[in-house]
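Secondary and tertiary structure notes
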Amino acid sequence: MKAESTNIKLNEELLSKQTEIALKISRYAYLLCLVLFLILKFILDVDGFLPFIFLSYSICSFLNNSMYRFHGRIVIVSNVFFALAFLYILLISLFSGGLTSPFVSMSAVSIVGSFISGLKHGRFFLALGIIVFSLLFLFDIMGWVPDHGFTEIQQRYFALLTYAFNFTISGAAGLIIAKTSFRGYQAKKEVDKQKLIIEKSRKEIELEKEKSDNLLLNILPVEIAEELKEKGSADTRLIDFVTVLFTDFKGFTALSEILSSQDLVKEINICFSTFDHIMEKHNIEKIKTIGDSYMAAGGLPTVNETHAQDVVKAALEIQQFMLDLAEKKKANNEPFFEIRIGVHTGPVIAGIVGVKKFQYDIWGDTVNTASRMESSGNVGKVNISESTYQIVKNNDEYSFESRGKIEAKGKGLLEMFFVERKDMSGVK
């Protein structure tokens, strides 16, 4: 929109300057026509209406300029002015030799005028040139070119005057064309410059928007981010079946006393970054981290039927990663994290809370139970609830160890199972 308005403004300025140039040339033209009338009538003593063609053109041009100056537009005499311009070129050409007249080139000037005057009178000038050429050609063929009856001296002076007048008008037209072309070039250059600035700004805006979108998608699920951008808010949803995963490091407090704060954060970042990649790989939504705890859920915000299988696969992959990491740390005699993992399947409420530093979160008894699966599990093990077990128990890749009913804080006795890959030599 800004580029278009700039373009329109520049075009209006250009047309205004063209009009001023045309009016200035017109003022010189009517003065010249008046001089030619006086010379033809009172010095060369030419009889007939030929001198009065110059006079009529001069008067109409003067009126036209005056009306434009006072009213801001060409009024009243505009049609008469253009009609006389047509008669002027035709009659002067006829009475000064037909097609051989030096004024024939004025028809070409009128064609050029069609490109100068703009849309309003451009068609008239174009038609004027074509008609004059056609009529002169017809009159020449039919032998209708009149004999002006000039004496030799009059013929010489008249030829000199017509050449001078034609040169002046042609030069004026050339000046208008040159200035118009230059103004047009400047306008186009300015418009192109504005377009480049706008395009650069547009790309910068798109880049910033892309950064903002990526940042938003790094915080929220895609569907929730799109809803938030579209509506300014996201609806809270009840999702009947999701599978929630909790992890927690054993002895984190004790380990924090051994490692420096920088090394501690570095180790946590290595683990959680790997967990993030694993979640992304298995189409699981990371919910949040709370200290050294990691929480994720499968089957939301887009509902799917593979969430339990996906989460168990991810849990076993985390288990394998932590075992491999522990082996490396042991070999270098370095301290390492041990992990407990808990998984439970059930309904949750999901949505965004707050207006600042908001995040996508889930609530409900399923979340509490998944947390109890983690805290009631063993180090290095993936502990799943009965509801999750019932969904994944027929998977031939896994082996299960029933733990029976175990007391969970605030939940009473809960049926629990350890799950492992049948081949624990590595995770593919």
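On a predicted model such as this, the values are computed, not experimentally measured, just so you know.

**Side note on the overall build of the protein**
Within the protein one finds 12 helices and 8 strands. The buried share of the protein, taken over its 428 residues, is 42%. Taking all contacts inside the protein whose residues are at least 6 apart in sequence as the whole, residues at least 24 apart take part in 67%.

**Points about the confidence of the model for the protein**
In this model, the protein carries an average pLDDT of 75, and 59% of its residues clear a pLDDT of 70 or more. Here residues 74-78 scores under 50 on pLDDT; set against residues more than four positions off or in separate chains, the count is 9 contacts.

**Details of the packing of aromatic side chains**
Applying the stated criterion across every chain yields a total of 10 aromatic pairs. Centroid distance tyrosine 398 to phenylalanine 400: 6.2 Å. Interplanar angle 85 degrees. Geometry classified as edge-to-face. Here phenylalanine 400 falls in the partly exposed class, since its relative accessible area comes to 24%. Against the face of phenylalanine 418 rests lysine 381, its NZ or CZ located 5.7 Å from the ring centre.

**Observations concerning the environment of isoleucine 341**
Tracing the backbone shows isoleucine 341 in strand E4 (residues 338-353). The class for isoleucine 341 is buried, based on a relative accessible area of 2%. Placed 43 residues apart in sequence, isoleucine 341 and isoleucine 384 show a C-alpha to C-alpha distance of 8.4 Å. Apart from residues lying up to four places away in sequence, isoleucine 341 is in contact with Leu245, Phe246, Thr247, Ala315, Ile318, Gln319, Met373, Glu374, Lys381, Val382 and Asn383.

**Side note on the nonpolar core**
Residues Phe249, Phe275 and Phe337 are the most contacted members of the largest nonpolar core, which totals 35 residues. Element by element, the count of residues in this core is highest for helix H10 (residues 307-331), at 9 residues. Contacts of phenylalanine 337, omitting those with residues within four sequence positions, involve Phe249, Phe252, Leu255, Leu264, Glu267, Ile268, Cys271 and Met322. Core analysis: the second largest hydrophobic core is formed by 17 residues, Ile287, Tyr360, Ile362 and Val367 among them.

**Here's the deal with unusual backbone geometry**
Cis rather than trans, the peptide bond between leucine 300 and proline 301 has omega equal to -5 degrees. Within the secondary structure, proline 301 sits in the loop between strand E3 (293-298) and H10. Even without a glycine there, the phi angle at asparagine 283 is positive, about 60 degrees. Here asparagine 283 is to be found in the loop between helix H9 (261-281) and strand E2 (285-290). The exposed category is assigned to asparagine 283, whose relative accessible area is 58%. Positive phi is not limited to glycine here, since asparagine 333 has a value of about 55 degrees. With respect to the helices and strands, the residue asparagine 333 is situated in the loop between H10 and E4. Accessibility expressed as a relative area gives 72% for asparagine 333, which makes it exposed.

**A look at the environment of serine 399**
As for its position among the elements, serine 399 is in strand E7 (residues 398-408). For the pair serine 399 and arginine 421, spaced 22 residues apart in the sequence, the C-alpha separation amounts to 6.0 Å. Not counting residues within four places of it along the chain, the set of residues in contact with serine 399 comprises Phe418, Val419, Glu420, Arg421 and Lys422.

**Re the pattern of salt bridges**
Evaluation of the coordinates by the stated rule reveals 13 salt bridges. Where arginine 202 meets glutamate 206, a salt bridge forms, and the shortest distance between an N and an O atom there is 2.4 Å. With arginine 202 and glutamate 206 both in helix H6 (residues 152-219), this residue pair falls 4 residues apart, about one helical turn. Overall, arginine 202 belongs to the partly exposed group, its relative accessible area being 35%. The class of glutamate 206 is partly exposed, set by a relative accessible area of 42%. Residue lysine 286 pairs with aspartate 276 through a salt bridge whose shortest N-O separation is 3.3 Å. With lysine 286 in strand E2 and aspartate 276 in helix H9, this pair connects stretches of sequence that are 10 residues apart. One salt-bridge network, held together by shared partners, links Glu199, Arg202 and Glu206.

**Section: the environment of asparagine 395**
Along the chain, the position of asparagine 395 falls in the loop between helix H12 (386-392) and E7. The spatial distance from the C-alpha of asparagine 395 to the C-alpha of glutamine 309 is 8.6 Å, given a sequence separation of 86 residues. A polar side-chain atom of asparagine 395 sits 2.8 Å from a polar atom in the side chain of glutamine 309.

**Observations regarding the pairing of strand E1 (residues 237-250)**
Where E1 lies against E4, 12 bridges are found, and the strand directions are antiparallel. Pairing of aspartate 248 across the sheet is with arginine 340, part of E4. The pairing of E1 with E3 spans 6 bridges and is antiparallel. Each residue of the ladder has a partner; that of leucine 245, found in E3, is alanine 296.

Basis of the calculations
- Residues numbered from 1 in each chain as written.
- Predicted model: local features only at pLDDT ≥ 70, side-chain atom pairs only at ≥ 80, totals over all residues.
- Heavy atoms only, no water.
- Helix = DSSP H or I, 4+ residues; strand = E, 2+ residues; numbered from the N terminus.
- Buried < 20%, exposed > 50% of the residue type's maximum accessible area, 1.4 Å probe, protein only.
- Contact = heavy atoms within 4.5 Å.
- pLDDT = per-residue confidence, 0-100.
- Phe/Tyr/Trp six-rings, centres within 6.5 Å; stacked < 30°, edge-to-face > 60°.
- Lys NZ or Arg CZ within 6 Å of the ring centre and 35° of its normal.
- Core = buried A, V, L, I, M, F, W, Y, C linked by side-chain atoms within 4.5 Å.
- Salt bridge = Lys/Arg side-chain N within 4 Å of Asp/Glu carboxyl O.
- Polar contact = N/O pair within 3.5 Å; in protein donor to acceptor, adjacent residues only side chain to side chain.
- Pairing = 2+ DSSP bridges.

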